[in-house]
Amino acid sequence: MNKPQVIAKVVDNDLCTGCGVCTYSCSSNALTMSWNEEGFLVPELTGNCDNDSSCISVCPFNPEPIEAVKNETTIADMFLSEGTKTYDKLGRLIDIYASYSNEFRETSTSGGLATYVLDQLLKRGVVDHIFSVKLSANDSSHYQYIVSSSEEDLRKTSKTRYFPVTLANVLPKLNELEGKVAIIGVPCFVKAIRLAQYQDPYLKEKIPFVAGIICGGMKSKFFTEYLASEVDVNITNIDSPEYRIENINSNAGDYSFGCVDKSTNENKFIKMVSLGDMWGTGLFKANACDFCEDIVAELADITFGDAWIQPYKEDSRGTNVVITRSPLADSIMQDGINNSELFLEKVSPESMVASQQSSYYHRHDALSVRLEEARKKGINISDKRYGNKSVSIDVIAIQKLRRITRKSSLKIWQKNKSAKAFNKKMKNILLYLKIATLFTHKKRKTIQKLKKLK
């Protein structure tokens, strides 16, 4: 059988994040999503491929995109030109806010703005259905995309989920559902939808609104297994995992992981801060995320994230940062404040970038190191907007250590699904990375102080 281009050029090079849009666009219905050995969802060939390139044309990690959709900037110019200005690192936008919903804040991970905006889309008749993520009844996956067609359904999908999901199980419903659909997802999923809309104008009409979530990297399902193991829950007994359980007596960053142990029906919890840095180290992260430049969902009509800036991060109840990129999105925010449904304050582009500075250091400033690694391995990566910056030796060392940490975490967990054994084997790698990172942080602060003295 012919090998589909999305498998040959993306999956085989470990550049897939599992969006599943290729399975929907495949003209020969030859692709199905399945779990790979590292705990990620990827397409596999299950039919006869006619090799017409329909699958790779919608892939956010297509190494050879056509000029019109070569990067997020060119795609945004097509979809988000109305009323927007372009800002470096943030993309096209109308405005930026710190906000929370008076109604949905208590039942959400952060400020409840995603639920509020999607609910408004339903109430206004802009869309009839929402594709979003909720608990799954499927034994192989704790969460999955589902169709919400009412506020009651939508409330069940609030809160953050650090577990692999795919749009593959809901996209076929586009051809069955009456009315229009809104979709919410991480940046690469949003990009895949835009690419599909570029290829098929029907989808642009069928999906009039796309919401995005700020992303620090996609985690393998091993991440959930590891967290459960830390609270002595066997991976076969994990039920209802929750990743951002708030502590109302502390700040927004002081949250816990929790799950139900099916063998005892007992709720188990652990403070995430007690486990060290699970994000900056790259533990259990998808390889493709190290070649993604889009942190703030530049191609969405609206972007949601956590307000990790003062004074909002001190409030444990949660506050969102919101970037509006279409007139409809901005009008929903403005109407919300006028109707006393939202708390809302404007945030400057500089403060917005500062709130995600660690991600920008890694994903933009140090991207050249990872691109050079891919080049030496003969792996083709699409042209990047931020991949040309020269970096110092210490930054190169951190990047190499993060790459080793990422890959090692997946390999070690495959062989022994025990948090205790994992921590022991990862101890030295993480220690070297911590020392290198502390050195670079101190160096960066010293340079900043010297600049102020000039």
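Anyway, here's the lowdown on the structure attached to this text. Model, not experiment: these values are computed from the prediction. Each chain carries its own residue numbering, running from 1 in the written order of its sequence. Reporting of local features is limited, given that this is a predicted model, to residues whose pLDDT is at least 70; pairs of side-chain atoms are given and counted only at 80 or more, and all residues count toward the totals for whole chains, interfaces and linings. Excluding hydrogens and water, the side-chain values take into account all heavy atoms of the structure.

## Comments concerning the overall build of the protein chain
Logical step 1: Helix and strand content of the protein chain: 14 helices and 15 strands.
Logical step 2: The size measure is the radius of gyration over C-alpha atoms, and the globule rule it meets is 2.2 Å times the number of residues to the 0.38 power. Relative to the 2.2 N^0.38 estimate, which gives 22 Å for 454 residues, the radius of gyration of the protein chain is 21 Å and therefore close to what a compact globule would have.
Logical step 3: Across its three principal directions, the C-alpha atoms of the protein chain cover 60 × 60 × 55 Å.
Logical step 4: A total of 454 residues make up the protein chain; the buried ones form 56% of that total.
Logical step 5: The contact definition used throughout considers only heavy atoms, calling two residues in contact when any of these lie within 4.5 Å. Put simply, of all contacts in the protein chain between residues at least 6 apart along the chain, 71% involve residues at least 24 apart.
Logical step 6: Accessible areas in this description were obtained via Shrake-Rupley with a 1.4 Å probe; residue shielding takes into account the shown protein chains only. Summed over all atoms, the accessible surface of the protein chain reaches about 20,200 Å², with 50% contributed by carbon and sulfur.
Logical step 7: The charge count treats Lys and Arg as positive and Asp and Glu as negative. His and the chain ends do not count. In this description, the location of a charge corresponds to atom NZ of lysine, CZ of arginine, CG of aspartate or CD of glutamate. Considering the protein chain, the positive charge centre built from 60 side chains and the negative charge centre built from 54 side chains are found 9 Å apart. Secondary structure elements follow DSSP: runs of H or I of four or more residues count as helices, runs of E of two or more count as strands, with numbering from the N terminus. Burial status follows relative accessibility: with a 1.4 Å probe on protein chains alone, a residue under 20% of its type maximum counts as buried, one over 50% as exposed, and anything between as partly exposed.

## Quick look at the environment of Asn51
Logical step 1: Structurally, Asn51 is set in the loop between strand S2 (41-45) and helix H3 (72-79).
Logical step 2: In this structure the C-alpha to C-alpha distance between Asn51 and Asn2, which are 49 residues apart in sequence, comes to 6.7 Å.

## Things to note about the sheet that holds strand S8 (residues 181-185)
Strands belonging to one sheet form pairs held by backbone hydrogen bonds; the direction of such a pair is parallel or antiparallel.
Logical step 1: Pairing is mixed in the open sheet, where 8 strands are placed in the order S7-S6-S8-S9-S13-S14-S5-S15. Of all the strands in the sheet, just strand S7 (143-148) and strand S15 (342-346) have a single pairing partner and so form its edges. Mean inter-strand twist for the sheet, computed between neighbouring axes without regard to direction, equals 25°.
Logical step 2: Where S8 and strand S9 (residues 209-213) come together, 4 bridges link them in parallel fashion. Bridge pairing in S9 places Ile184 opposite Ala211.
Logical step 3: Set on the sheet, helix H6 (residues 187-199) makes contact with S7, S8 and S9; between it and S9 the angle comes to about 155°. One bridge is not enough; two strands pair if DSSP finds at least two bridges between them. A fitted line through C-alpha atoms serves as each axis, taken over the contacting stretch for helices, and the angle formed by two N-to-C directions is quoted from 0 to 180°.

## A word on the pairing of S2
Logical step 1: Pairing geometry for strand S1 (residues 31-35) and S2, over 5 bridges, is antiparallel. Residue pairing for S2: Leu31 is matched across the bridge by Leu45.
Logical step 2: Hairpin geometry of S1 and S2 is characterised by an intervening segment of 5 residues between the two adjacent antiparallel strands and by a positive phi of about 85° at Gly39.

## Some thoughts on a positive patch on the surface
Logical step 1: Residues forming no salt bridge and having over 30% relative accessible area are the ones grouped into patches, like charges within 9 Å of each other and nonpolar side chains (Val, Leu, Ile, Met, Phe, Trp, Tyr) within 5 Å. Put simply, a salt bridge is a Lys or Arg side-chain nitrogen that is within 4 Å of an Asp or Glu carboxyl oxygen. A contiguous patch of positive charge, built from Lys442, Lys445, Lys449 and Lys452, is present on the exposed surface.
Logical step 2: Tracing the chain through its elements places Lys445 in helix H14 (residues 419-453).

## Quick word on unusual backbone geometry
When glycine is set aside, most residues are seen to have a negative phi, and most peptide bonds are trans.
Logical step 1: The residue after Gln310, namely Pro311, is reached through a cis peptide bond having omega 0°.
Logical step 2: Inspection of the secondary structure assignment puts Pro311 in the loop between strand S13 (302-306) and strand S14 (320-324).
Logical step 3: Positive phi is not limited to glycine here, since Ala297 has a value of about 50°.
Logical step 4: Its location among the elements puts Ala297 in the loop between strand S12 (266-271) and S13.

## Things to note about the pattern of salt bridges
Logical step 1: Within this structure, the stated rule accounts for 30 salt bridges.
Logical step 2: Residues Arg92 and Asp77 are paired through a salt bridge, measuring 2.9 Å at the closest nitrogen-oxygen approach. Remark: Asp77 occurs in helix H3 and Arg92 occurs in strand S4 (residues 91-93); sequence separation between them is 15 residues.
Logical step 3: The class of Arg92 is buried, set by a relative accessible area of 17%.
Logical step 4: Note that Asp290 is salt-bridged to Arg370, the shortest N-O span being 3.9 Å. Placement of Asp290 in the loop between S12 and S13 and of Arg370 in helix H12 (residues 367-376) is noted, with a sequence separation of 80 residues between them.
Logical step 5: One network of salt bridges, in which partners are shared, links Lys285, Asp290, Arg370, Glu373, Lys377 and Arg403.

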